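Now for the letters of each chain:
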There are 2 protein chains.
Amino acid sequence: MEYNKNFYQIRSNDNIFKRIKDERATVGYYDLPYQDTSKIKAYVETVTQQHIVVLGIGGSSLGAKAIYEFLLPANHYQKDLVFLETVDPLKINHCLAKLDIKNAHFVVISKSGDTIETISLFKYLRALIEINSDNCTIISEAKTGLSKFAQDNHITTFELSANIGGRFSVFSVVGLVPLAMVGVDIDNLLNGARRVSDSFFIQQDYYQPIISKARFLVENKGRFNINAIFSYSSALEGFNKWYVQLWAESLGKLNINKTRQALTPIALIGPIDQHSFLQLIIDGVRDKTVTFIKIADLKDDTIIPKSSENLGLEYAEGLSFNDLLNKQADATIQSVKDQEDIPCDVITVSTVDEYNIAKLMFSYQLLVSTIGQFLQINTYNQPGVEKGKIILKESLKETFT
Amino acid sequence: MEYNKNFYQIRSNDNIFKRIKDERATVGYYDLPYQDTSKIKAYVETVTQQHIVVLGIGGSSLGAKAIYEFLLPANHYQKDLVFLETVDPLKINHCLAKLDIKNAHFVVISKSGDTIETISLFKYLRALIEINSDNCTIISEAKTGLSKFAQDNHITTFELSANIGGRFSVFSVVGLVPLAMVGVDIDNLLNGARRVSDSFFIQQDYYQPIISKARFLVENKGRFNINAIFSYSSALEGFNKWYVQLWAESLGKLNINKTRQALTPIALIGPIDQHSFLQLIIDGVRDKTVTFIKIADLKDDTIIPKSSENLGLEYAEGLSFNDLLNKQADATIQSVKDQEDIPCDVITVSTVDEYNIAKLMFSYQLLVSTIGQFLQINTYNQPGVEKGKIILKESLKETFT
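Residues numbered from 1 in each chain as written. Chains lettered and ligands numbered in written order. Predicted model: local features only at pLDDT ≥ 70, side-chain atom pairs only at ≥ 80, totals over all residues. Heavy atoms only, no water.

## A short note on the relation of the copies chain B and chain A
Thinking step 1. Laying chain B over chain A is done by rotating through 180 degrees and shifting 0.0 Å along the axis; what remains is an RMSD of 0.0 Å. In symmetry terms, the pair is related by a two-fold rotation axis. By C-alpha distance to the rotation axis, the residue of chain B lying nearest is Ile266 of chain B, at 3.6 Å.
Thinking step 2. A share of 100% of interface residues in chain B that are also interface residues in chain A marks the association as one of identical surfaces. (Least-squares fit on C-alpha atoms with pLDDT ≥ 70 in both. Contact = heavy atoms within 4.5 Å.)

Pasting the structure below:
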């Protein structure tokens, strides 16, 4: 075996931090917290339709969806945001049946401009309704087929920089444009992201937890190959799916020594998954780390009322559902900690607003970038999915000719 | 170390089959395909409300939800089925806001009768609207607090046998009653389950694939500790969640030698997760098996139309979305098979009806029972989740006094 100085060697924290700082020059997402949003805010004022419909899949939809689903139950937006992600005809027609498409604005998002799901859906929509500059916005890289189509039809286009990957694009125009259209405070989103970014890059409060956690996960990846998050609010379901993409697509790679690297994400919702996955965590093989995510204040004071008849569990009466939820989280956390051999940590999100979800998401992006440096992989590409795309294209062309 | 004749020993297929046949005498779910449904069918005729609202969590909701979500897009039920599963107040109030509760029938499901989420929600509902024999049905074991409440208030109760666990209860009254209320053909469901059961127990076509797969997964559990399913239709999202519970809660156990056993489930949806998790499967560490689930005929002939302007991908035009979805599945399957070192198999579901979803679900239950026998665990209990429940109860009682 040839000697290779990187072989199994985990670099020092200082070296990793230097590499992350160097990455900032070429990887686009690091700059997003500092962007000017005035053009987006001025444009969305001109959009008058009731339904904002995003056509996009993967990185083109998961980020905005995570933020919208987090904010929706606690807010009352005048408009609604719908995501058409898949080519599954049952799902498409089921979604469209619930919409007044004449009162809809379509945001078509494809970084490459030739995502087969998104473009096929767009063609289908164009057969149903006239698409023009009044009811459509396009988000794509410069000079794609889709941005050329937009130009020919005088449709407003927001350009996505080539150096921002889909799963790192939530704070770019990909996330901000549709979110601003429904009334999300995108400046407060960027405030949250900036808070984390500023702190990390001057090695203040966000630095140490991120680099320590990344190091722990990498040093123990052979033993704990699964990383579960356990989010205690259904408002975090969208965040969970975004986490799975960010983690899986970034960290499942061949590294510089051509050895396979992987950390496998699992995303759970409490208390629902207490009745499903928890048993496996507590009694199963020790192959998982667990991160609990709690929301301290859900801005909801619905109380469990006293029952006139004996239904049991009277000790929960008078408590708010918010408190019950957090006490359930605490009890589950305690029962996992009591095992003493399951690595776990807890993240507490203060409340359900733009600032706090952005802090959570931006710190997860930094965590993934840091893990990627420790693993010595390219965190930002996805070479493994290209093979399937080529096979599909060949099979379709065979049928077509 | 004391000699133990079971230590690391994997039993023969014949021995496992004998044990499964022996289990039938005590484990209740095996008999469900052969039950008489006339009482259920007669009762649901008397339910007149528009919204059927299930209060239940975990095994009390996941099965019916899986079947309803599978059938819904291709069917047009007169009534709708809603699940109130969680104590998350944002989610509860968001769900209730969309309902006319005066035109709702509540199906309260708790095997033990004291599930804290379900009983707390029930108390909350009773403060909002009068609950009586006209708008409520209760499903519980005999002699629980909840079934006593039902008796006192003359509310119809369907009794769940003590020997049927929540995650194996989909074909019991837990699943059948709410599904029959919205118009699902429950006899055709049982036909599907019976087809699989009959075949397995006389060692016909369903026997060999189930026992071989169970054996493979157990023999290779050290190497492949993660079992992903990749379902190619959004109609299978509910099935995916049901699978995760069935697998995780049944197979994460200490075995008869007190060694930790586990197979970890991951549930993916195609093509959405081609843009998320697929990269990790293709290029990551070889720690996963993959089962693809395709639906041959979605009963939908929506076509990708020709585009008047050049949007690219013209080779997909004229194809149905159904065909595109299945060609995407085939291309992904091929790209995984081409790796040559990822264990994978493909299940094809013929179409979206009761018979076919029941076949899929019943064969998964048999697979889990068979794996459990190979692992030498108790597949049907969940001792690990009790600790958290006790901690919660103590913490609530402290606050209460």
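## Regarding the layout of surface pockets
Over the atoms a probe the size of a water molecule is rolled, and this reveals where empty space is left.
Thinking step 1. Of the voids in this model, the second largest pocket is the one considered here, and its volume is about 1000 Å³.
Thinking step 2. Together, 48 residues line the second largest pocket, and His275 of chain A together with Ser112, Thr115, Glu386 and Lys389 of chain B are the ones closest to its centre.
Thinking step 3. For the lining of the second largest pocket, the secondary-structure elements that each account for two or more residues are helix H12 (321-337) of chain A together with helix H5 (116-128), helix H10 (237-251) and helix H14 (386-400) of chain B.
Thinking step 4. The element that contributes the greatest number of residues to the lining of the second largest pocket is H14 of chain B, accounting for seven residues.
Thinking step 5. Split by residue class, the lining of the second largest pocket holds 18 nonpolar, 21 polar and nine charged. (1 Å grid on protein atoms, 1.4 Å probe; cavity = no way out; pocket = protein on both sides within 12 Å on 5 of 7 lines; lining within 4 Å. Points joined across faces, edges and corners; volume = space filled by probe spheres on them. Helix = DSSP H or I, 4+ residues; strand = E, 2+ residues; numbered from the N terminus. Nonpolar A, V, L, I, M, F, W, Y, C, P; charged D, E, K, R; others polar.)

## Let's talk about the domain arrangement of chain A
All names here are of chain A.
Thinking step 1. Domains assigned within chain A are domain 1 (27-184) and domain 2 (189-375).
Thinking step 2. When each unit is reduced to the centre of its C-alpha atoms, the spacing between domain 1 and domain 2 is 28 Å.
Thinking step 3. Counting residues at the interface gives 25 residues for domain 1 and 33 residues for domain 2.
Thinking step 4. When the buried surface of domain 1 facing domain 2 is broken down by residue, Phe70, Arg167 and Phe171 rank first, second and third, together holding 32% of it.
Thinking step 5. Glu249 serves as the salt-bridge partner of Arg167, at 3.2 Å between the closest nitrogen and oxygen.
Thinking step 6. Inspection of the domain 1/domain 2 interface yields nine residue pairs in polar contact (both at pLDDT 80 or more).
Thinking step 7. Of all the secondary structure elements, the ones that give two or more residues to the side of domain 1 that touches domain 2 are helix H3 (62-71) and helix H7 (173-182).
Thinking step 8. Broken down by element, the residue count for the side of domain 1 that touches domain 2 peaks at seven residues, all from H3. (Domains from an automatic or database assignment. Buried area = accessible area lost by both parts, 1.4 Å probe. Salt bridge = Lys/Arg side-chain N within 4 Å of Asp/Glu carboxyl O. Polar contact = N/O pair within 3.5 Å; in protein donor to acceptor, adjacent residues only side chain to side chain.)

## A few points about the packing of helix H9 (residues 207-219) of chain A against helix H13 (residues 354-375) of chain A
All names here are of chain A.
Thinking step 1. The geometry of H9 relative to H13 is characterised by a closest axis approach of 9 Å and an angle of 45 degrees between their N-to-C directions. One element, H9, and the other, H13, form an angle in the oblique class. The handedness of the crossing between H9 and H13 is right-handed. Two secondary-structure elements touch here, H9 through Ile210, Ile211, Lys213, Ala214, Arg215, Leu217 and Val218 and H13 through Ser363, Tyr364, Leu366, Leu367, Thr370, Ile371, Phe374 and Leu375.
Thinking step 2. Considering only residue class, the contact of H9 with H13 consists of eleven nonpolar, two polar and two charged. (Axes fitted to C-alpha atoms, helices over the stretch in contact; angles between N-to-C directions. Parallel < 35°, antiparallel > 145°, perpendicular 65-115°, else oblique. Left-handed = near helix turned anticlockwise from the far one by under 90°.)

## Notes on the sheet that holds strand E2 (residues 80-84) of chain B
Across a sheet, strands are paired by hydrogen bonds formed along the backbone, either parallel or antiparallel in direction.
Residue and element names in this part refer to chain B.
Thinking step 1. The parallel open sheet is built from five strands, whose spatial order is E2-E1-E3-E4-E5. Every interior strand has two partners, whereas the edge strands, E2 and strand E5 (157-159), have only one. This sheet shows a mean twist of 20 degrees between the axes of neighbouring strands, independent of strand direction.
Thinking step 2. Pairing between strand E3 (residues 104-109) and strand E4 (residues 136-140): four bridges, direction parallel. By the bridge assignment, Phe106 is partnered in E4 with Cys136.
Thinking step 3. Docked against the sheet, helix H6 (residues 145-152) engages E3, E4 and E5, running at close to 145 degrees with respect to E4. (Pairing = 2+ DSSP bridges.)

## Comments concerning helix H12 (residues 321-337) of chain B
Thinking step 1. Helix length check: H12 of chain B (17 residues) gives 24 Å between terminal C-alpha atoms against 24 Å at 1.5 Å per residue, within 8%.
Thinking step 2. Counting buried residues along H12 of chain B, twelve of its 17 residues qualify, which places the element largely inside the surrounding structure.
Thinking step 3. Three or more residues of H12 of chain B are buried, namely Phe321, Asn322, Leu324, Leu325, Asn326, Gln328, Ala329, Ala331, Thr332, Ile333, Ser335 and Val336 of chain B.
Thinking step 4. Where H12 of chain B is buried, its residues meet helix H4 (89-97), helix H5 (116-128) and helix H14 (386-400) of chain A together with helix H11 (278-283), strand E10 (288-297) and strand E11 (344-351) of chain B. (Expected span 1.5 Å × (residues − 1). Buried < 20%, exposed > 50% of the residue type's maximum accessible area, 1.4 Å probe, protein only.)

## Observations regarding the side chain of Lys294 of chain B
All names here are of chain B.
Thinking step 1. Tracing the backbone shows Lys294 in strand E10.
Thinking step 2. Looking at Lys294, the relative accessible area reads 14%, which means it is buried.
Thinking step 3. Reaching out from Lys294, the side chain makes a polar contact with the side chain of Asp330 at a distance of 2.7 Å.
Thinking step 4. Setting aside residues up to four positions removed in sequence, Lys294 forms contacts with Asn326, Ala329, Asp330, Ile333, Val346, Ile347, Thr348 and Val349.

## Description of the sheet that holds strand E2 (residues 80-84) of chain A
All names here are of chain A.
Thinking step 1. Strands sit in the order E2-E1-E3-E4-E5 across an open sheet of five strands; the sheet is parallel. Where the open sheet ends on each side, the last strands, each with one partner, are E2 and strand E5 (157-159). Neighbour to neighbour, the strand axes of the sheet diverge by 20 degrees on average, direction disregarded.

## What to know about the nonpolar core
Thinking step 1. Among the nonpolar cores identified, the biggest contains 287 residues, and Phe171 and Phe239 of chain A together with Phe171 and Phe239 of chain B are the most heavily contacted of them.
Thinking step 2. Not counting residues within four places of it along the chain, the set of residues in contact with Phe171 of chain B comprises Leu32, Gln35, Ile67, Leu176, Leu189, Leu190, Ala193, Ala358, Met361, Phe362 and Gln365 of chain B. (Core = buried A, V, L, I, M, F, W, Y, C linked by side-chain atoms within 4.5 Å.)

## A short note on the pattern of salt bridges
Thinking step 1. Considering all chains together, one arrives at 36 salt bridges over all chains under this definition.
Thinking step 2. For Lys241 of chain B, the salt bridge is made with Glu237 of chain A, and the minimal N-O distance between the two is 3.7 Å. One end of the pair, Lys241 of chain B, is in helix H10; the other, Glu237 of chain A, is in helix H10 (residues 237-251), on a second chain.
Thinking step 3. Classification of Glu237 of chain A by relative accessible area gives partly exposed; the value is 23%.

## A few points about the pairing of strand E10 (residues 288-297) of chain A
Residue and element names in this part refer to chain A.
Thinking step 1. Among the ten residues that make up E10, eight are buried, leaving the element largely enclosed by the rest of the structure.
Thinking step 2. Bridging between E10 and strand E11 (residues 344-351) involves seven bridges; their strand directions are parallel. By the bridge assignment, Phe292 is partnered in E11 with Val346.
Thinking step 3. What joins E10 to E11 is H12, and the crossover it makes is right-handed. (Right-handed = clockwise from strand over helix to strand, strands pointing away.)

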